[in-house]
Amino acid sequence: MARISNYNTKQRDLILEFLRDSQGNHVTADEILEYLAQNGTPVGKSTVYRYLDLLEKQEMVRKYQTDDRRKACYQYIEDIENCRCHYHLKCLKCGKLFHITCGELDHVGDHMLKEHGFLVDDSRTVYYGICSSCRDDNSEIK
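Residues numbered from 1 in each chain as written. Predicted model: local features only at pLDDT ≥ 70, side-chain atom pairs only at ≥ 80, totals over all residues. Heavy atoms only, no water.

## Things to note about the nonpolar core
Of all hydrophobic cores here, the largest spans 20 residues; its most connected members are Ile15, Leu19, Ile32, Leu36, Val48, Leu52 and Leu55. Every element with two or more residues in this core is listed here: α1 (2–21), α2 (29–38), α3 (45–57) and β3 (72–76). Among all residues touching isoleucine 32, those that are not within four sequence positions of it are Ile15, Phe18, Leu19, Val27, Val48 and Leu52. (Core = buried A, V, L, I, M, F, W, Y, C linked by side-chain atoms within 4.5 Å. Buried < 20%, exposed > 50% of the residue type's maximum accessible area, 1.4 Å probe, protein only. Helix = DSSP H or I, 4+ residues; strand = E, 2+ residues; numbered from the N terminus. Contact = heavy atoms within 4.5 Å.)

Here it is in structure tokens:
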């Protein structure tokens, strides 16, 4: 039994290392699986998801659900309070999720609370559109 426990600890350590090294980025379980395989520690997808769920409960990672609800991405959070103070932009073309801090958007949250009694969770607010890298003169939002 001790051997399995050590193996699981190694897997968990590598997952946490990958998440920390990817801080500020959003990663998928598939990216974590690829990293583990490259480091000689292949593991099942269910193991990765179980550990990500645990890290989410411990508020060490934040989970973001993608549009199709079949795939999620995760972000390592060093400082949970600092992570609550930004918004997200999701590109409809490339799928990237960007973090932004914007005082103008803070006014929207203030308005929603004052005028509608609704407290917006900035850390989970996502605006959809097309990023500058994907945008061209003929781009349309569909």
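## Some details on the packing of aromatic side chains
On inspection of all chains with the given rule, the structure shows one aromatic pair. Consider the rings of phenylalanine 18 and tyrosine 35, whose centres lie 4.7 Å apart with planes at 35 degrees: the pair is tilted. With phenylalanine 18 in helix α1 and tyrosine 35 in helix α2, this residue pair connects regions lying 17 residues apart in the sequence. Taking the relative accessible area as the measure of exposure, phenylalanine 18 reaches 14% and is therefore buried. (Phe/Tyr/Trp six-rings, centres within 6.5 Å; stacked < 30°, edge-to-face > 60°.)

## Describing the packing of α2 against α3
Packed helix pairs are specified by the crossing angle of their axes together with the interaxial distance, meaning the distance between the axes. Closest axis-to-axis distance for the α2/α3 pair is 10 Å, and the angle between their directions is 115 degrees. Note on packing geometry: the crossing formed by α2 with α3 is right-handed. Together, Ala29, Asp30, Ile32, Leu33 and Leu36 of α2 and Lys45, Val48, Tyr49 and Leu52 of α3 make up the contact between the two elements. Across the contact of α2 with α3, the residue classes tally to seven nonpolar, no polar and two charged. (Axes fitted to C-alpha atoms, helices over the stretch in contact; angles between N-to-C directions. Left-handed = near helix turned anticlockwise from the far one by under 90°. Nonpolar A, V, L, I, M, F, W, Y, C, P; charged D, E, K, R; others polar.)

## A look at helix α5 (residues 103–116)
An ideal rise of 1.5 Å per residue puts 20 Å on 14 residues; α5 measures up with 20 Å between its terminal C-alpha atoms. With its phi angle positive at about 65 degrees, glycine 117 sits one or two positions after the end of α5. (Expected span 1.5 Å × (residues − 1).)

## Examining the environment of tyrosine 127
Along the chain, tyrosine 127 falls in strand β6 (residues 126–129). A sequence separation of 38 residues divides tyrosine 127 from leucine 89, and the C-alpha atoms of the two residues are 4.8 Å apart. Residues contacting tyrosine 127, with those up to four places away along its chain left out, are Tyr87, His88, Leu89, Lys90, Leu105 and Val108.

## Concerning α3
The terminal C-alpha atoms of α3 lie 18 Å apart, and with 13 residues this matches the ideal 18 Å at 1.5 Å per residue to within 8%. By the burial criterion, the buried members of α3 are Val48, Tyr51, Leu52 and Leu55. An end-on view of α3 places all buried positions within 105 degrees of arc, on one side of the element. Away from its buried face, by an angle of more than 90 degrees, α3 presents the exposed residues Arg50 and Lys57. Immediately downstream of α3, the backbone of glutamate 59 shows phi near 60 degrees, a positive value. (Arc of directions from axis to C-beta.)

Note that every value here comes from positions in space, so none of it alone points to a role or purpose.
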